[in-house]
Amino acid sequence: MSGSAVAADRSVCAPLPVLGRDVLVPLVTGGEVDYAALDYAASAPALQRVWDDVAAYAPYYGSVHRGAGYLSQLSTDLFENSRRTIEEFLGCRTEDQVVFTRSTTDSLNLLAAVLPDNTRVFVFETEHHASLLPWEQRPDVAVTYLNAPRTPQQAVDTLEKALAAREPYGPALVCVTGASNVTGELWPVRELAAAAHAHGARIVLDAAQLVPHHPVNLGELDVDWVAFSGHKLYAPFGAGVLAGRADWLRDAAPYLAGGGASRKVSRRSDGGVDVEWHTTAARHEAGSPNVIGAYAIASACRALTEAGFEGLVAREQELIARLRTGLAEVPEVTVLSLFGDDAARVGVLSFVVEGWNSSHFAAALSAEYGIGVRDGLFCAHPLVRTLLGSAPQDPGECGAPDAAPGEKSLNAIRVSFGAGTPDEHVDRFLHAVKELVTNGARWNYRTEGGRCVPA
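Residues numbered from 1 in each chain as written. Predicted model: local features only at pLDDT ≥ 70, side-chain atom pairs only at ≥ 80, totals over all residues. Heavy atoms only, no water.

### Some details on the nonpolar core
In this structure, Ile86, Leu90, Leu159, Leu205, Phe228, Val241 and Ile297 are the most contacted members of the largest nonpolar core, which totals 88 residues. When residues in this core are grouped by element, the largest group, 10 residues, is from helix α9 (residues 291-307). For Val241, the contacting residues outside a window of four places in its chain are Ile86, Leu90, Val98, Val99, Phe100, Thr101, Ser107, Val226, Ala227, Phe228 and Ile297. Formed by 32 residues, the second largest nonpolar core is a distinct cluster that contains Val333, Leu349, Ala432 and Tyr445. (Core = buried A, V, L, I, M, F, W, Y, C linked by side-chain atoms within 4.5 Å. Buried < 20%, exposed > 50% of the residue type's maximum accessible area, 1.4 Å probe, protein only. Helix = DSSP H or I, 4+ residues; strand = E, 2+ residues; numbered from the N terminus. Contact = heavy atoms within 4.5 Å.)

### Regarding the packing of aromatic side chains
Overall, the coordinates contain 11 aromatic pairs when judged by the stated rule. Seen from their ring centres, Tyr40 and Tyr234 are 6.1 Å apart, and the 75° between their planes marks the pair as edge-to-face. Placement of the pair is Tyr40 in the loop between β3 (36-37) and α1 (48-57) and Tyr234 in the loop between β9 (225-229) and β10 (240-244), with a sequence separation of 194 residues. For the pair shown, Tyr40 and Tyr234 are each scored as buried. Between Phe79 and Phe100, the aromatic rings sit 5.1 Å apart at their centres with planes inclined by 40°, giving tilted as the arrangement. Residue Phe79 is located in helix α2 (residues 70-89), and its partner Phe100 is located in strand β4 (residues 97-101); the two are separated by 21 residues in the primary sequence. Put simply, the rings of Phe351, Trp356, Phe361 and Phe429 pair up and form one aromatic cluster. (Phe/Tyr/Trp six-rings, centres within 6.5 Å; stacked < 30°, edge-to-face > 60°.)

### What about the sheet that holds β4?
The 7 strands are arranged β4-β10-β9-β8-β7-β5-β6 in an open sheet whose pairing can be described as mixed. Two strands close off the open sheet at either side, each with one partner strand: β4 and β6 (142-146). Put simply, the sheet's adjacent strands are angled 20° from each other on average, direction ignored. Along the sheet, α2 contacts β4, β9 and β10; its crossing angle with β4, the most-contacted strand, is approximately 120°. This element, helix α5 (residues 152-164), spans β5 (120-124), β6 and β7 (172-177) of the sheet and lies at about 160° to β5. (Pairing = 2+ DSSP bridges. Axes fitted to C-alpha atoms, helices over the stretch in contact; angles between N-to-C directions.)

### Details of the packing of helix α10 (residues 309-328) against helix α13 (residues 423-439)
One can describe the packing of α10 onto α13 by two numbers: an axis separation of 10 Å at closest approach and a directional angle of 10°. Taken together, α10 and α13 sit at an angle that is classed as roughly parallel. Here Arg315, Leu319, Arg322, Leu323, Gly326 and Leu327 of α10 come into contact with α13, specifically with Asp423, Val426, Asp427, Phe429, Leu430, Val433 and Lys434. Grouping the amino acids of the contact of α10 with α13 by side-chain chemistry returns 7 nonpolar, 1 polar and 5 charged. (Parallel < 35°, antiparallel > 145°, perpendicular 65-115°, else oblique. Nonpolar A, V, L, I, M, F, W, Y, C, P; charged D, E, K, R; others polar.)

### Some thoughts on the sheet that holds strand β16 (residues 374-376)
Strands sit in the order β13-β14-β17-β16 across an open sheet of 4 strands; the sheet is antiparallel. Pairing within the sheet leaves two strands with one partner each, and these edge strands are β13 (333-335) and β16. For this sheet, the mean inter-axis angle between neighbouring strands, taken without regard to orientation, is 30°. Pairing of β13 with strand β14 (residues 348-353) involves 3 bridges; the strand directions are antiparallel. For Thr334, the partnering residue across the bridge sits in β14 and is Val352. Across the sheet, helix α11 (residues 358-369) is in contact with β14, β16 and β17 (412-416); its angle to β14 comes to roughly 115°.

Structure, rendered in structure tokens:
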């Protein structure tokens, strides 16, 4: 998705109701405060609407596809209708399939498992580990890792050059994120898809950080597959989606062998078994499916659609501007970026603070202000190490992660938000950052189990 996808003139909507918005947490300095959840990029809180839908369905839960009883029939209809809701939400094409998985990681491992023999995969080093690592599990698949680009156009040019140079010419797959889980920056998905297709390659979009913040339409983006997780999309219960072209999925052996994936199993005269596998999405959905997880994703899709993405995007852009302006007022803060200050982005931002170890800073935000953020390398180690390679780092006295021999101890702080974030949480975060930088922590901290915790 290019930066032009973020329009300027939109009405702003209120935060959507989410679970946990009234949860009180204790402060080490005394008293309680409502928890400011600013770690949406790891797991977004469930929408109240999703929770209510799941609670209404729960008494009617039953096994799907193979039960004759009323609840089984009802659950089967709900499960398959959830698939159709997600197809509509993603703008799936007529021939596309929606396969339910456990997560983005599971979705991309599924795609890796069904790649044709001798496929060459092209992936930027900037990817989350979920989209960086699955491909080398196949010994017959060659992986080309591309260096971190510093502009969207450089990303396209780098891919073009790599694809043009590939030998021998055969099946190829490009894997790219839609929005970085470290910087929040939007990647030029349409342009990368065009480059991939111009060179006879296919492309899969890791939309884990994009789909909660922007509409994702397979046809408009012209990607072959999209993968995402329900827990990023305000839906709990450990479910994910791989949606897109059916041919590689249909031609490959089932991801898991078992009931549900098989259409017919019979004994052979030699004592073995013959199996006829499904050719639909069921081929890769063996076992009892996560019906509630699938339904929760569909409920979230409906809720976001009905709320209106234009208003949600407009409000998020206002919060991003407020956050960036506030952090720019603190000279000790360095915001991490690949594409620069003007890059379009979602509500994800990472930074370091001069004189602070990031784990120490994050611990103080939690213990003294009731603010939950993330610190570390965010399952994107090559990217964060690239971004922090020349950044000043002070390990501090608490929580410094172990470094490999010859490397500096590196980690960063990530703040992330979305459709359920109230303005007050961003304002409290900015106040806390400025106060910690100016006055230091009000409590003592120690390292326990590799984490910085209040002493």
